[in-house]
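Chain by chain, the residues:
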Amino acid sequence: MDVVLDGVNKIYPGGQHAVHDLRLRIEDGELFVLLGPSGCGKSTVLRMIAGLEELTSGDLWLGGSVANGLSPRDRNVAMVFQNGALYPHRSVRGNMMFPLEITRGDPDEARSKVRELARALGLDSMLDRLPGTLSGGQRQRVAMGRALIREPALFLMDEPLSSLDAGLRAELRVEIAALVRATGATTVYVTHDQVEAMTMADRIAVLREGVLEDVGTPEQIYHDPATVFVAAFLSSPPINLLRATAWAVQDQGVVLDMGSQHLTLPWDDPRASALISHHGAPVTIGVRADALTQATSEPTGQELIGHVRTLEFHGHEWLAYAEAGIPSVDPAEFTQRPIQPPTPVQPSRIRALFGRSTPEPEPEPERTGHHRRTDLIFRITTGPRPARGDDVRLAVDLERLLVFDSKGRRVDPVAR
Ligand SMILES: Nc1ncnc2c1ncn2[C@@H]1O[C@H](COP(=O)(O)OP(=O)(O)O)[C@@H](O)[C@H]1O
Ligand SMILES: [Mg+2]
């Protein structure tokens, strides 16, 4: 069953505008993940799809017809919550059987269905146990079994793993993804965990403050994020977000001026043309830790210089933190109801950059009230490792450089 949200808004009675003009199409059979920080409206969206919450405006389409007024039981949906509540006095079998008892199907058929599903969920040895004797992970499997036994056309899961410990979460997310794919049911899975979203989803929608920031496959969202927020949310270690000013320079390209350092996008780079209209304007540069590598060859001018402050051992890699004197950007600066103060433009800056006049004193960075990090995080997997206190020259993989405008949106539009 496909699901379409067409201009959906939810304003709670208290006035909380929890979902803003949401437009999404979830394809039949898709494992679709709604991702975002706590309070961004994920549960509200899920509950509107389930029919547990009314839409304030807009339309919800289920399987090709408008479903706004349909009661939950007429929607052929099943839902699993964070603490999949079970009937405490019913056995595992009794809990899983319950939805079939209500519909009064053939009891023998129901029993064999329970056995089959219990096997798929790894519960076949505990069918006679009571929920109180099960672990959290096992209880969550039973809740899933109870939801899936009716073979819903649409399966909704609201942070089903968030109350479990990390090891179990990692194990269960693999099983859940395999199981729901095997049933063929369209699944909408809500989580605030980027790893869960990336590893499980066919496609991910990223929500923030009730607004859709981006939607795409995990690869699209990771490599080609639409906004600063998405780039930062789906990044571990944190993406380097550097504050710069874009200057279009004849014969060179667009210079991304970070004060004491700069990078240049040559004119044959499509991002350079996209940046012409941002001449003199503040931009944010996003560079992931693995797009920076210690330069060993001759300087190309497309490097960043840093002073190593800390090294962290992560088993499969080292992470290095280098002081680079570049102001960093906090993704929280870009709210959906923007109040971003424009940075004053200094045309003389471009002359200063190329030494055609005496450089002016550095302008005071604008104060946003956020903690300023001036470290560049980079990853070391092979080769020599710098020591703390070393100066390093980091080659920037320009292909992977992300440039965002003053509203936190990509300057080169993202095509999906
Ligand atoms: N029943 C409600 N009445 C009023 N406000 C609500 C209600 N449920 C949720 N909200 C508010 O709507 C916003 C989105 O909540 P929710 O959908 O639960 O977010 P999430 O699931 O992403 O954590 C939050 O600001 C929350 O406080
Ligand atoms: Mg929630």
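Because the structure is predicted, anything quoted here is derived from the model rather than measured.

### Re the sheet that holds strand E20 (residues 402–404)
Here we have five strands laid out as an open sheet, ordered E13-E12-E11-E14-E20, and antiparallel in their pairing. The outermost strands of the open sheet, each flanked by one partner alone, are strand E13 (262–265) and E20. Within the sheet, the average angular offset between the axes of one strand and its neighbour, ignoring direction, is 35 degrees. In this structure, strand E14 (residues 282–287) lies alongside E20, joined through three bridges in antiparallel fashion. Directly across from Gly286, in E20, lies its bridge partner Leu402.

### A few points about the UniProt feature "domain: ABC transporter" (unreviewed entry) in the protein chain
The positions that UniProt labels "domain: ABC transporter" (unreviewed entry) are, in the present scheme, residues 3–234. Secondary structure content for residues 3–234 is 36% helix and 25% strand, and the end C-alpha separation is 25 Å.

### Examining unusual backbone geometry
A cis amide bond, omega 0 degrees, links Ser236 with the succeeding residue Pro237. Of note in the backbone geometry, Asp21 takes a positive phi value of approximately 40 degrees without being a glycine. Mapped onto the fold, Asp21 is located in strand E2 (residues 17–26). Taking the relative accessible area as the measure of exposure, Asp21 reaches 42% and is therefore partly exposed. Residues other than glycine seldom take positive phi values, yet Glu209 does so here, at roughly 50 degrees. Locating Glu209 in the fold gives a position in the loop between strand E9 (203–208) and strand E10 (211–216).

### Quick look at the packing of helix H4 (residues 136–148) against helix H5 (residues 166–183)
At a closest axis distance of 12 Å, the pairing of H4 and H5 adopts a crossing angle of 15 degrees. Looking at the two axes, H4 sits roughly parallel to H5. Of the two elements, H4 crosses H5, and the hand of that crossing is right-handed. The residues of H5 that touch H4, namely those facing Gly137, Arg141, Met144 and Leu148, are Leu168, Glu171, Leu172, Glu175, Ile176, Leu179 and Thr183. Along the lines of polarity and charge, the residues of the contact of H4 with H5 split into six nonpolar, two polar and three charged.

### Examining the site of ligand 1
If you check the shell around ligand 1, you find Tyr12, Gln16, Ala18, Pro37, Ser38, Gly39, Cys40, Gly41, Lys42, Ser43 and Thr44 and nothing else. The separation between an oxygen atom of ligand 1 and a polar side-chain atom of Ser43 is 2.8 Å. No other element matches the three residues that helix H1 (residues 42–50) contributes to the shell around ligand 1.

Rules of the game
- Residues numbered from 1 in each chain as written.
- Chains lettered and ligands numbered in written order.
- Predicted model: local features only at pLDDT ≥ 70, side-chain atom pairs only at ≥ 80, totals over all residues.
- Heavy atoms only, no water.
- Pairing = 2+ DSSP bridges.
- Helix = DSSP H or I, 4+ residues; strand = E, 2+ residues; numbered from the N terminus.
- Axes fitted to C-alpha atoms, helices over the stretch in contact; angles between N-to-C directions.
- UniProt positions renumbered as here; feature names shortened; annotations may be inferred.
- Buried < 20%, exposed > 50% of the residue type's maximum accessible area, 1.4 Å probe, protein only.
- Parallel < 35°, antiparallel > 145°, perpendicular 65-115°, else oblique.
- Left-handed = near helix turned anticlockwise from the far one by under 90°.
- Contact = heavy atoms within 4.5 Å.
- Nonpolar A, V, L, I, M, F, W, Y, C, P; charged D, E, K, R; others polar.
- Near = heavy atom within 4 Å.
- Polar contact = N/O pair within 3.5 Å; in protein donor to acceptor, adjacent residues only side chain to side chain.

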